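Letter by letter, the chains look like this.
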Amino acid sequence: MGFATLSYIIAICTAGSLTLNVIGAICVATLFGIWWIFDRYRRLQCRVRLEVRSPKPAKGLILLLSPYRVKGVENLEEKVKFLATPGAAVQASDFDAISIQASNLYPQLCAITYHQKTLREVWLICSDQSFQTGFLLKEYIRVVYGSETISVNHRSEYIVNPYFDDQLFRVAEDIFATTDIKSRAMIADITGGFATMSVSLAMACVTPGRRMQYMESPRDDQGEPIQSAPLRPIELDFDPVLHWGDDLTRQTVD
């Protein structure tokens, strides 16, 4: 029906004298232009571009914590309790005694190391069970990097129910809203904590201008993680874009 109508209009516009033919040609070109614009507008869709790359070092870092775990350390609970005590006379060697580099805090330690040159502030989001781990990590940062270099936010306001997604989402929103560091200069690490905590933090970072990362472990030819190898941060940057066509753009950058 549309083709027949268009043919009829073309026939009318091009019939008659040379002047009418010129006018008709202009009308046909105009109709074609209108159709082309309409077709492009119809295909215009809001898409999401996923870029995977190593992140630019950040000024602000949000970390998720789970209860401290490590194998083969005697009297672990007592040692951790001492190290997590504010004001305790702690030295760097004390953290070797609890094998912190072999613990489940290793991804967070690698994240801090990666961003340390620009890092100004760290936020620790934890559960009731991992609140002590936050004091442990805060003390580690103070001893290794200095409290004047990196400010650590570890407060009761950042305790969340790991199975109540909306609570952590609101905590993350509050962090982004209240800090004086711009969103693009911050990054949230979704590696630690419980799986539901990672999902909630990731949801908060889908907002344009926010960044998140996870710590990737190098793997051998069999696909198994290489023990004690430095972890590599991978940035997941979800930005809404206006995308022509139907394909989802995915760009990988080393």
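Where an unreviewed UniProt entry is consulted, the protein appears under the name Intracellular growth attenuator family protein, with the organism given as Lyngbya confervoides BDU141951.

Draft legend 1. Region of interest: the overall build of the protein. Each helix and strand in the protein was counted, giving eight helices and eight strands. Counting the 254 residues in the protein, one finds 39% classified as buried. Contacts spanning at least 24 positions in sequence make up 76% of the contacts within the protein whose residues lie at least 6 apart. Roughly 14800 Å² of accessible area belongs to the protein as shown, and the carbon and sulfur atoms make up 58% of that amount.

Draft legend 2. View of the pairing of strand β6 (residues 212–216). Pairing of strand β5 (residues 186–189) with β6 involves two bridges; the strand directions are parallel. If you follow Ala188 over to β6, its bridge partner there is Met212. The handedness of the β5 to β6 crossover, carried by helix α8 (residues 195–204), is right-handed.

Draft legend 3. Here's a closer look at the environment of Phe164. With respect to the element layout, Phe164 can be found in the loop between β4 (151–153) and α7 (165–178). Residue classification places Phe164 among the partly exposed positions, given a relative accessible area of 43%. Each C-alpha atom of the pair Phe164 and Thr196 lies 8.0 Å from the other, and the pair is 32 residues apart in sequence.

Draft legend 4. Structural view of the pattern of salt bridges. Overall, the coordinates contain seven salt bridges when judged by the stated rule. Residues Asp166 and Arg170 are paired through a salt bridge, measuring 2.9 Å at the closest nitrogen-oxygen approach. Here the residue Asp166 and the residue Arg170 both occupy positions in helix α7, the gap between them amounting to four residues, near one helical turn. On the basis of relative accessible area, Asp166 is assigned to the partly exposed category, the value being 38%. Here Arg232 ties to Glu216 by a salt bridge, and the two come within 3.8 Å at their closest N and O atoms. In this pair, Arg232 is assigned in strand β7 (residues 232–243) and Glu216 in strand β6, connecting sequence segments 16 residues apart.

About the criteria used
- Residues numbered from 1 in each chain as written.
- Predicted model: local features only at pLDDT ≥ 70, side-chain atom pairs only at ≥ 80, totals over all residues.
- Heavy atoms only, no water.
- Helix = DSSP H or I, 4+ residues; strand = E, 2+ residues; numbered from the N terminus.
- Buried < 20%, exposed > 50% of the residue type's maximum accessible area, 1.4 Å probe, protein only.
- Contact = heavy atoms within 4.5 Å.
- Areas by Shrake-Rupley, 256 points an atom, 1.4 Å probe, with all protein chains shown as cover.
- Pairing = 2+ DSSP bridges.
- Right-handed = clockwise from strand over helix to strand, strands pointing away.
- Salt bridge = Lys/Arg side-chain N within 4 Å of Asp/Glu carboxyl O.

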